[in-house]
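Breakdown of the fold
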Amino acid sequence: MRIDVVSIFPEYLAPLELSLIGKARQDGLLDLRVHDLRDFTTDRHRTVDDTPYGGGAGMVMKPEPWAQALTAVAAEGSGDAAGAGDSGDARKPVLIVPSPAGERFTQATAHQLAEEEQLVFACGRYEGIDERVLEWAADHFTVRPMSLGDYVLNGGEVAVLAMVEAIGRLLPGVVGNPESLVEESHSDGLLEYPVYTKPSSWRDRDVPAVLLSGNHGKIAQWRRHEQYRRTAERRPDLLAEFDAGKLPRADRTAFADLGYDVVDGRLKRRPDA
Ligand code: SAM
């Protein structure tokens, strides 16, 4: 996969040289390049922002440096931005524009984006990027404004660090044991069960006995039920989306103990629970 990140603070992306993502780059699994937006300006001061039309606080990122930068990085990559408009959507790279006003980035989004050939991230700063850049870019890219969550950061760089790590670790060969990607939080719409390591007794706290039993069926069931308990406690919103139609009886009982009944394949919280 090829990833391009455009930012006025390229050094902010340095952590992408470390750990698993850094190793994936070294191993040639991920071709990740960071570009300075100011290299695509033409004035002496390398200006990237200006005052907002209509007034108001803050500055807005000017459109032309973005158009220059995005055209250059897309042409360099596997996509052909210049010709993509004529040749159909299949060849368009995906342009991700981090924004608190974007669609929510989730594990499902990460899986979807991990299938792409080229991703381009446009890191906004100040009050964001002139809206016409997104309109123009739609002719050359699949444009996806994307939010990390319902809060406001100073710039897109931190969001890109998170998104690139979430996407990059799904690429084949990046995580040593691919099984570890299967049982994670959000992989099946639930939070992960609690995990423990040695020693089995630590500061008067014992590891749950079932995990020491060697009974793999019982361990798997305990873990599933812990996922239900944890998700019900911490993220009940996830349970509304959970497909409960095929749950075995023991799992329905576990949910009943947590105050949930299965109705038409969905979990419904009992009003008295
Ligand atoms: N005025 C914008 C608004 O209210 O929607 C916020 C601009 S914010 C100060 C500057 C930049 O930070 C945004 O252009 C975006 O790149 C990034 N950003 C802020 N919050 C974000 C979030 N929750 N998810 C992704 N990117 C975010």
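Above this note sits the structure.
In short, a report on the structure.

**Section: the packing of aromatic side chains**
Here the structure, examined in full by the defined rule, presents 4 aromatic pairs. Judged by centre distance (4.2 Å) and plane angle (25 degrees), the ring pair of Y228 and F255 falls under stacked. On the criterion of sequence distance, the pair formed by Y228 in helix α7 (residues 216-234) and F255 in helix α9 (residues 249-257) is long-range, its members being 27 residues apart. Y228 gets classed as buried once you look at its relative accessible area, which sits at 2%. On the basis of an interplanar angle of 45 degrees and a centroid distance of 6.2 Å, the ring pair of F242 and F255 is categorised as tilted. You can see F242 sitting in the loop between α8 (236-239) and α9 and its partner F255 sitting in helix α9, a full 13 residues away along the chain. Among the aromatic residues, ring-to-ring pairing joins Y228, F242, F255 and Y260 into one connected group.

**Some details on the sheet that holds strand β2 (residues 31-36)**
An order of β2-β1-β6-β5-β7 is seen for the 5 strands of this open sheet, with the pairing classed as parallel. Since the sheet does not close on itself, it has two edges, and those belong to β2 and β7 (142-147), each with one partner. Strand-to-strand twist of the sheet, defined as the mean angle between neighbouring strand axes without regard to direction, takes the value 30 degrees. With 3 bridges joining them, strand β5 (residues 94-104) and strand β6 (residues 118-122) adopt parallel strand pairing. The residue bridging V94 from the neighbouring strand is L119, located in β6.

**Re the packing of α7 against α9**
Relative orientation of the contacting elements α7 and α9 amounts to 35 degrees, with a least axis distance of 10 Å. Our pair here, α7 against α9, has a crossing hand that is right-handed. Here Q221, R224, H225 and Y228 of α7 come into contact with α9, specifically with A250, D251, A254 and F255. Looking at the contact of α7 with α9 residue by residue, the class counts come to 4 nonpolar, 2 polar and 2 charged.

**Side note on the site of the ligand**
The ligand sits among 18 residues. The nearest are P98, E127, L148, Y151 and L153. G149 places a polar main-chain atom, nitrogen or oxygen, 3.0 Å from a nitrogen atom of the ligand. The backbone of L153 places a nitrogen or oxygen atom 2.9 Å from a nitrogen atom of the ligand. Elements with a minimum of two residues in the shell around the ligand: β5 and β7. For the shell around the ligand, the leading source of residues is β5, giving 3 residues.

What counts and how
Residues numbered from 1 in each chain as written. Predicted model: local features only at pLDDT ≥ 70, side-chain atom pairs only at ≥ 80, totals over all residues. Heavy atoms only, no water. Phe/Tyr/Trp six-rings, centres within 6.5 Å; stacked < 30°, edge-to-face > 60°. Helix = DSSP H or I, 4+ residues; strand = E, 2+ residues; numbered from the N terminus. Buried < 20%, exposed > 50% of the residue type's maximum accessible area, 1.4 Å probe, protein only. Pairing = 2+ DSSP bridges. Axes fitted to C-alpha atoms, helices over the stretch in contact; angles between N-to-C directions. Left-handed = near helix turned anticlockwise from the far one by under 90°. Contact = heavy atoms within 4.5 Å. Nonpolar A, V, L, I, M, F, W, Y, C, P; charged D, E, K, R; others polar. Near = heavy atom within 4 Å. Polar contact = N/O pair within 3.5 Å; in protein donor to acceptor, adjacent residues only side chain to side chain.

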